[in-house]
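Structure at a glance
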Amino acid sequence: MSDRIGLFTGSFDPMTNGHMDLIERASKLFDKLYVGIFYNPHKNGFLPIESRLETVEKAVRHLKNVQVISSHDELVVDVARKLGVHVLVRGLRNAADLQYEASFDFYNHQLAGEIETIYLHSRPEHVYISSSAVRELLKFEQDISKYVPNVVLEELKNEEKN
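Predicted model only: the values in this text are computed from it and were never measured. (Residues numbered from 1 in each chain as written. Predicted model: local features only at pLDDT ≥ 70, side-chain atom pairs only at ≥ 80, totals over all residues. Heavy atoms only, no water.)

1. As for the pairing of strand β4 (residues 87-92)
Within β4, six of the six residues are buried, which leaves it mostly tucked inside the rest of the structure. Of the two faces of β4, the one carrying Val87, Val89 and Gly91 and the one carrying Leu88, Arg90 and Leu92 are both buried. By the bridge criterion, three bridges tie strand β1 (residues 5-10) to β4 in an arrangement that is parallel. Across the sheet, Leu7 pairs through a bridge with Leu88, a residue of β4. Bridge count for β4 against strand β5 (residues 116-121) is six bridges, and the pairing is parallel. Note on β5: the bridge partner recorded for Leu92 is His121. Where the polypeptide runs from β4 across helix α4 (residues 95-111) and back to β5, its parallel neighbour, the crossover connection is right-handed. (Buried < 20%, exposed > 50% of the residue type's maximum accessible area, 1.4 Å probe, protein only. Helix = DSSP H or I, 4+ residues; strand = E, 2+ residues; numbered from the N terminus. Pairing = 2+ DSSP bridges. Right-handed = clockwise from strand over helix to strand, strands pointing away.)

This is the structure in structure tokens:
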């Protein structure tokens, strides 16, 4: 039997405690879990991709079966095939997320029917946490320490210095 390999993707701009919870839970389901930082052409980047990559790598360091990758100008299913991924992992906070994800799932199955998608529901304490809300709080100089891993706070302090 081949290894169970999953791929959890997002922009992680910035990474939240909700992302971290989903990654930790998904890592228990697979022999190998890739966390893919993908560029979203519909979103303006807040943190440079290098910062996001470094931050996510630090945050998941304790998970021995997790590897962080980044991709640009590639479909998720194409990256998944290259990595030998069998399952795409997606997080859901609410019905709006399900509606959004369902459209991607439709096309992913059309393009790569051999790759399955599973959904993990956010835990109640993370349902309202989103990267966009965190960015807005930052814009108004509010404390985000309850919503992001410590490595994100450290990275943001480093970004301010530069």
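2. Here we look at the UniProt feature "site: Transition state stabilizer" (unreviewed entry) in the protein
As recorded in UniProt, the feature "site: Transition state stabilizer" (unreviewed entry) lies at His19. Topologically, His19 is positioned in helix α1 (residues 17-27). Note on His19: relative accessible area 17%, which makes it buried. A distance of 2.9 Å separates the side chain of His19 from the backbone nitrogen of Thr16, its partner in a polar contact. (UniProt positions renumbered as here; feature names shortened; annotations may be inferred. Polar contact = N/O pair within 3.5 Å; in protein donor to acceptor, adjacent residues only side chain to side chain.)

3. A few points about the environment of Leu63
Mapped onto the secondary structure, Leu63 falls in the loop between α2 (49-59) and β3 (66-71). Between the alpha carbons of Leu63 and Ser27 there is a distance of 7.4 Å; along the sequence they are 36 residues apart. Ignoring sequence-local partners within four residues, the contact set of Leu63 consists of Met20, Ile23, Glu24 and Ser27. (Contact = heavy atoms within 4.5 Å.)

4. A few points about the pattern of salt bridges
Enumeration according to the criterion identifies nine salt bridges in this entry. Glu54 is paired through a salt bridge with Lys58; the nearest N and O atoms lie 3.2 Å apart. Of this pair, Glu54 and Lys58 both sit in helix α2, four residues apart, which is roughly one turn of that helix. Among the residues examined, Glu54 registers a relative accessible area of 37% and is labelled partly exposed. Accessibility expressed as a relative area gives 33% for Lys58, which makes it partly exposed. Note that Glu101 and Arg90 form a salt bridge whose closest N and O atoms lie 2.8 Å from each other. Of this pair, Glu101 sits in helix α4 while Arg90 sits in strand β4, placing them eleven residues apart in sequence. With a relative accessible area of 19%, Arg90 lands in the buried category. If you follow the salt bridges from partner to partner, you end up with Asp21, Arg25 and Arg123 in one network. (Salt bridge = Lys/Arg side-chain N within 4 Å of Asp/Glu carboxyl O.)

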